[in-house]
Amino acid sequence: MKVTFFSTKPYDREFFDRFNPSFGFELEYYETHLGPHIVNAVEHATAICAFVNDKLNAEVIDVLARKGIKYIALRCAGFNNVDLEAARQAGLRVCRVPAYSPEAVAEHALAMILTLNRKTHKAYNRVREQNFSLKGLMGFNLHGKIIGIIGTGNIGRAFARLMRGFGCTLIAYDVVESDELKRFGVQYLPLREVFAQSDILSLHCPLLESTRHLINAETLRQMKKGVMIINTSRGGLIDSQAVLEGLRFKQIGYLGIDVYEQEDKLFFRDLSHTIIDDDTIQLLMSFPNVLVTGHQAFFTSEAMEEIALTTLKNLARLAQGLEPENPAAVVV
Ligand code: NAI
C-alpha cells in the first residue's frame, strides 16, 4: 500500500523509515502542506498521512476520494483541520494518534510556566554578557497558587499530576469530569469560576466550534488581573486581538503560546531571512512577558516514536478491514 505524506520534515522521515520495514508500506514524502494547490499530485496512493496544518477541506477530500484514497491517517491528536462531514460523505476513513506521550505536551506547558515566571530566557542572555544583576528577574512561588485546567483529557490529566507536585491548588473545567482527578483533589467548577479563581490558566481542550475564541475580551474580564495564560492546545482557542489588548492593559500578566491561530503560514519552517507579514505575531513577540514557541510541545523522541508506530499500526489495521486498536484513534 502506498502512503503519501504531507508537511514532512527530516525528523518525520527518520522515525517513519525506522519503523516501516515491519509494515512494508511504500512511503512517499512531500514537504509541502496539503491543500488545494498540491492535492492533484497524489497518484496511485491508498492513504495519505497529514499533520496539524494540512488543510483537508471538502475540496481536497473530494479530489482525494476521486484519486482512490481510502484512508486519511493524521499523525497528530487534533483533527480540527479535517472536514469530517466531507470525509464521511466521500466514504473515507480518518484515524489519528489520540494519546502519544501526553507528558511531552504537559511538560512543555510546565516549561513555559517556569520560564515566564522565573525569566530563565532573560537570565541566560544576561549572564552571557556578564550582567549578573537580578533587576527585573523576580518571580513568584508556584507553591500554593491556583491552577485552572481547561480540558482534562490525556494532556490535562498529565499536567494536573505535574502541578500537584508543586503544591498548587488545582481547579478544572471539562464537559466530561475525570474521576481520577477528583480522587486526587482536583475541584471541577463552572468555566466562569475557573476563569475567576485561577492564577495560571492552562488550555488543554480541543478546538471545536464551541471552544473557538474561548479566551476573548469578555472572558478576559472575568479573570484575575495579571493572570498567566498558557496555550499548548490550538491557536484558535484564543482571540489574539483580545489578548493583545489584555496584555496592553496588564489584565494578562504572562502569556505562553505554543500554538497560534495563523500558525500555518509561519510554524515549522525557518523564516529568519523573511519579513513576516503578520503584525499580530510580531506584536505578541515584542512583549517581554510573552513566550512563543513554534508548536514544539509534542516534540520529544518518545512522542515521535509513538506517533510513527501508532500511525503505521492504524493504517495496517484499516487496510486489513479491522478497526484501529485504540477506539479513540477512529475519527471517521
Ligand atoms: P483528549 O481528547 O484526551 O482531551 C481533550 C479534553 O477536552 C477531553 O476531556 C474533553 O472532554 C475536553 N473538552 C471537550 N470539549 C470541551 C469544552 N468545550 N470545554 C472544556 N473541555 C472540553 O485530548 P488531549 O490528548 O488531551 O489533547 C488536547 C489538545 O491538545 C488536542 O485537542 C490538541 O489540539 C492539543 N495538542 C497539542 C500538541 C502540541 O504539540 N502543542 C500536541 C498534542 C495535542
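- Per an unreviewed UniProt entry, the chain carries the name D-lactate dehydrogenase and comes from Parapedobacter luteus.
- You can read under Sequence similarities (unreviewed entry) in the UniProt record for the chain the words "Belongs to the D-isomer specific 2-hydroxyacid dehydrogenase family."

## Section: the layout of surface pockets
Rolling a probe over the atoms, with the probe sized like a water molecule, indicates the empty space that remains.
So, step 1. The volume enclosed by the second largest pocket comes to roughly 160 Å³.
So, step 2. Considering the residues around the second largest pocket, the lining is formed by Val97, Pro98, Ala99, Tyr100, Glu306, Leu309, Thr310, Lys313, Asn314, Glu325 and Asn326.
So, step 3. Among the residues making up the lining of the second largest pocket, the classes are represented as five nonpolar, three polar and three charged.

## As for the packing of aromatic side chains
So, step 1. A complete count under the given rule lists nine aromatic pairs for this structure.
So, step 2. When the centroid spacing of 5.4 Å and the interplanar angle of 10° are considered together, the rings of phenylalanine 6 and tyrosine 30 count as stacked. In this pair, phenylalanine 6 sits in the loop between strand S1 (2-5) and helix H1 (10-19) while tyrosine 30 sits in the loop between strand S2 (26-29) and strand S3 (47-50), placing the two residues 24 residues apart along the sequence.
So, step 3. Cation over ring: arginine 164 sits above phenylalanine 184, and NZ or CZ is 4.0 Å from the ring centre.

## Some words on the site of the ligand
So, step 1. As a matter of local geometry, the ligand sits amid 24 residues, with Asn154, Ile155, Asp174, Thr232 and Asp258 nearest to it.
So, step 2. A distance of 3.3 Å separates an oxygen atom of the ligand from a polar side-chain atom of arginine 234.
So, step 3. Measuring from an oxygen atom of the ligand, one finds a backbone N or O atom of phenylalanine 298 at 3.1 Å.
So, step 4. Residue classes in the shell around the ligand are distributed as 12 nonpolar, nine polar and three charged.

## Re helix H2 (residues 58-66)
So, step 1. Considered for burial, the residues of H2 that qualify are Val60, Ile61, Val63 and Leu64. Angular distribution of buried residues about the axis of H2 spans 160°; they occupy a single face of the element.
So, step 2. Check the buried side of H2 and you find it contacts S3, strand S4 (71-74) and helix H3 (84-90).
So, step 3. In the stretch just after H2, glycine 68 is the one whose phi turns positive, near 90°.

About the thresholds
- Residues numbered from 1 in each chain as written.
- Predicted model: local features only at pLDDT ≥ 70, side-chain atom pairs only at ≥ 80, totals over all residues.
- Heavy atoms only, no water.
- UniProt positions renumbered as here; feature names shortened; annotations may be inferred.
- 1 Å grid on protein atoms, 1.4 Å probe; cavity = no way out; pocket = protein on both sides within 12 Å on 5 of 7 lines; lining within 4 Å.
- Points joined across faces, edges and corners; volume = space filled by probe spheres on them.
- Nonpolar A, V, L, I, M, F, W, Y, C, P; charged D, E, K, R; others polar.
- Phe/Tyr/Trp six-rings, centres within 6.5 Å; stacked < 30°, edge-to-face > 60°.
- Helix = DSSP H or I, 4+ residues; strand = E, 2+ residues; numbered from the N terminus.
- Lys NZ or Arg CZ within 6 Å of the ring centre and 35° of its normal.
- Near = heavy atom within 4 Å.
- Polar contact = N/O pair within 3.5 Å; in protein donor to acceptor, adjacent residues only side chain to side chain.
- Buried < 20%, exposed > 50% of the residue type's maximum accessible area, 1.4 Å probe, protein only.
- Arc of directions from axis to C-beta.
- Contact = heavy atoms within 4.5 Å.

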